[in-house]
Amino acid sequence: MPNKILLVEDEESLLDIIKLNLELEGYDVTSVSNGRIALNEIRSNRFDLVILDVMLPEMDGFSICQAVRLDNNTVPILFLTAKNSSEDRVFGLKIGGDDYLSKPFNLEELLLRVQLLLKRNS
């Protein structure tokens, strides 16, 4: 069975590119562009990994991560965001993110980080 990934990104063109490339790698990808919908997806489905933007409509990625960890959900979370200050990266990791990749990013690096997080969590 392929690994299930939730991709949360509000920039449609980027969402489509990342989703396509993850699917080409054999992953089962669910994509959403809204923070509140993302949290509902995480709470009602099992995912092997969440790729999470920070700046989202209705609920930001940091708040989603905090809510997921308060639910004792241990799904790996990879932040993929334009918020790239060292304070943002440290905060994202402190609240329970497993990895943090800043935009713009190298697609090959993203795919490698996804593979490593999934392997570590299996």
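You'll find the structure just up there.
Now for a description of the structure that goes with this document. These numbers were taken from a predicted model, which means no experiment stands behind them.

This part covers the overall build of the chain. Within the chain, the secondary structure is distributed over five helices and five strands. Starting at the N terminus and walking to the C terminus, you meet the elements of the chain as β-α-β-α-β-α-β-α-β-α. A compact globule built from 122 residues should have a C-alpha radius of gyration of about 14 Å, and the chain, at 13 Å, falls within 12% of that. By principal-axis analysis of the C-alpha atoms, the chain measures approximately 30 × 30 × 25 Å. Across the 122 residues that make up the chain, the buried fraction comes to 46%. Summed over all atoms, the accessible surface of the chain reaches about 6,500 Å², with 49% contributed by carbon and sulfur. Taken together, the 13 basic and 20 acidic charged side chains of the chain have centroids lying 7 Å from each other.

Criteria and cut-off values
Numbers given for residues are sequential positions, taken from 1 along each chain in its written order. Only residues with pLDDT of at least 70 get local features here, since the model is predicted, and only at 80 or more are side-chain atom pairs given and counted; chain-wide, interface and lining totals rely on the full set of residues. Heavy atoms throughout the structure, all of them, feed into the side-chain values; hydrogens and water do not. In DSSP terms, a helix is any run of H or I states spanning at least four residues, a strand is any run of E spanning at least two, and both are numbered starting from the N terminus. Note on method: radius of gyration uses C-alpha positions; expected globular size equals 2.2 Å times residues raised to 0.38. Remark: exposure states derive from per-residue accessible area (1.4 Å probe, protein chains only) relative to the maximum for the residue type, with buried under 20%, exposed over 50%, and partly exposed in between. Here the Shrake-Rupley method, with its probe set to 1.4 Å, supplies the accessible areas, and only the displayed protein chains count as covering residues. His is not counted, nor are the chain ends, whereas Lys and Arg count as positive and Asp and Glu as negative. By convention, charge coordinates are those of NZ in Lys, CZ in Arg, CG in Asp, or CD in Glu.

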